[in-house]
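# A look at the structure
Here is how the chains run, residue by residue.
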Amino acid sequence: MSSSVKFNNVNTLFSKSLKFKINDYFIRSYKKKTGNRRIFIKAAVLLTTFTLLYTVLVFIQPHWAISIVLCLLFGANLAAIGFNIMHDAGHNSFSDNKNLNTVLSYTLNLLGGNIYFWKLKHNIAHHTYTNIEGEDHDIEVKFMRIHHDQQLKKHHRYQSFYFIFLYGVSYLAWIFYQDYEKYFRQKMGGSSAKFHFPLRERVIFWTSKVLHFAIFVVIPMLYVGWLPTLIGWGIAGAVCGISLATVFQLAHVVSETEFKTLDESKVEEEWMIHQIQSTANFATKNNVLTWLLGGLNFQVEHHLFPRISHVHYPAINKIVQQTCKEYNIQYIEFKSFRQAFLSHVKVIHAMSR
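Because the structure is a prediction, the values reported are computed rather than measured. The residue count restarts for each chain, going from 1 along the sequence in the order it is written. Predicted model: local features are reported for residues with pLDDT of at least 70 only, side-chain atom pairs are reported and counted for 80 or more only, and whole-chain, interface and lining totals are derived from all residues. Excluded from the side-chain calculations are hydrogens and water; all other atoms, namely the structure's heavy atoms, are used.

### Comments concerning the overall build of the chain
- Each helix is a run of H or I in the DSSP string that is no shorter than four residues. Each strand is a run of E no shorter than two, and both are numbered from the N terminus. The number of helices and strands found in the chain is 14 helices and four strands.
- Radius of gyration means the value over C-alpha atoms here, while the globule rule gives 2.2 Å times the residue count to the 0.38 power. Whereas a compact globule of 353 residues would reach a radius of gyration of roughly 20 Å, the chain reaches 20 Å, a difference of no more than 12%.
- Projected onto its principal axes, the C-alpha positions of the chain cover 65 × 55 × 45 Å.
- Carbon and sulfur atoms form 63% of the exposed surface of the chain, whose accessible area is close to 17500 Å². All accessible-area figures derive from a Shrake-Rupley calculation using a 1.4 Å probe, and residue coverage is judged against the displayed protein chains alone.

Listed below in structure tokens is the structure:
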């Protein structure tokens, strides 16, 4: 995957100043930029919870009312594993041990996805060309128009009503359809070039997909039946999908963030400033939400320093905000989840006309 889009690399005073301050913070505090003991404890809690919920739902089979509640929790747990374990590991920020990062990044394959695809689509395309149409494939949402450069179609007029349903099916569509679409087309998006797909990754793709289908579909059907399995997957999948989609959208698709239309494939701003203009934080004072989301409510800090673990975001948040103030750069942050969500709905409505 390659792109002709270039960022301004002349007089990058803001970037140099911010990088110096962040590096100085870690030197002075004697901290590693990767995760600490807290992230290992969190990973153990989430993976243990995953195992317990799966065991109870499939093998113990409590009353259907209790099972519904457990399926809701299971869906939230799947999303939390993605936010807290896979995401940091996929960015090589979970641990300073690269092998451990590689192993933990494959939790995405355990959950039905594919880490090779994710790194191409998320780490490279999304993190480099955030909110740039044709480059950031994370803003290519089927049946949705969220960018002024995207073509307005008749069904978009109703997207204010059906967007939650799309978010609800997004996770299941991702693991049961879109990954296969990428595999056979060897393209991340409709306008992207073909990517290289090594034989090793092809073997991993099919092996992990078969194992996932066996663990999450075949075994549950054998023990609880096909109808409870479908209902349980529907509930858990909807919770996971809404969680994943909403967190991403509140970080980038709100009325305050920018979607740039490029002339001659050149971005006027330096890369770090572009990231700040296209990204937003929300509810950073909510410690419970921060724990569950793996710090992804500190999305600005994550986009500026993706190789720094989320456990450090609250600390470096202050440094980033102060530096933005010094250079008169707007820093976008919503005080609450509700404020960010309403801003997102505002964009969806505006893009439907």
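Back to the write-up after that little detour.
### What about the pattern of salt bridges?
- Definition used for salt bridges: Asp or Glu carboxyl oxygen within 4 Å of a side-chain nitrogen of Lys or Arg. Here the structure, examined in full by the defined rule, presents ten salt bridges.
- Between K21 and E326 there is a salt bridge, and its shortest N-O distance comes to 2.8 Å. Linking K21 in helix 1 (residues 13-29) with E326 in helix 13 (residues 313-326), this pair joins segments that are 305 residues apart in sequence.
- Several salt bridges converge on common partners, so that one network encompasses K142, E181 and R185.

### Topic: the environment of E268
- Along the chain, the position of E268 falls in the loop between strand 2 (266-267) and helix 10 (271-277).
- Residues E268 and N9 lie 259 residues apart in sequence; the distance between their C-alpha atoms is 9.4 Å.

### Looking at the packing of aromatic side chains
- Classification of ring pairs uses Phe, Tyr and Trp, with its six-membered ring standing for Trp, and accepts pairs whose centres are within 6.5 Å; under 30 degrees between planes counts as stacked, over 60 as edge-to-face, and the remaining range as tilted. A complete count under the given rule lists 31 aromatic pairs for this structure.
- Pairing Y180 with F205 gives two aromatic rings, centres 5.6 Å apart and planes at 85 degrees, and the pair type is edge-to-face. Pair noted here: Y180 is in helix 7 (residues 159-185) and F205 is in helix 8 (residues 199-224), with a separation of 25 residues, a long-range link.
- The rule is simple: take the accessible area with a 1.4 Å probe, protein chains only, and divide by the maximum for that residue type; under 20% is buried, over 50% is exposed, in between is partly exposed. With a relative accessible area of 0%, F205 lands in the buried category.

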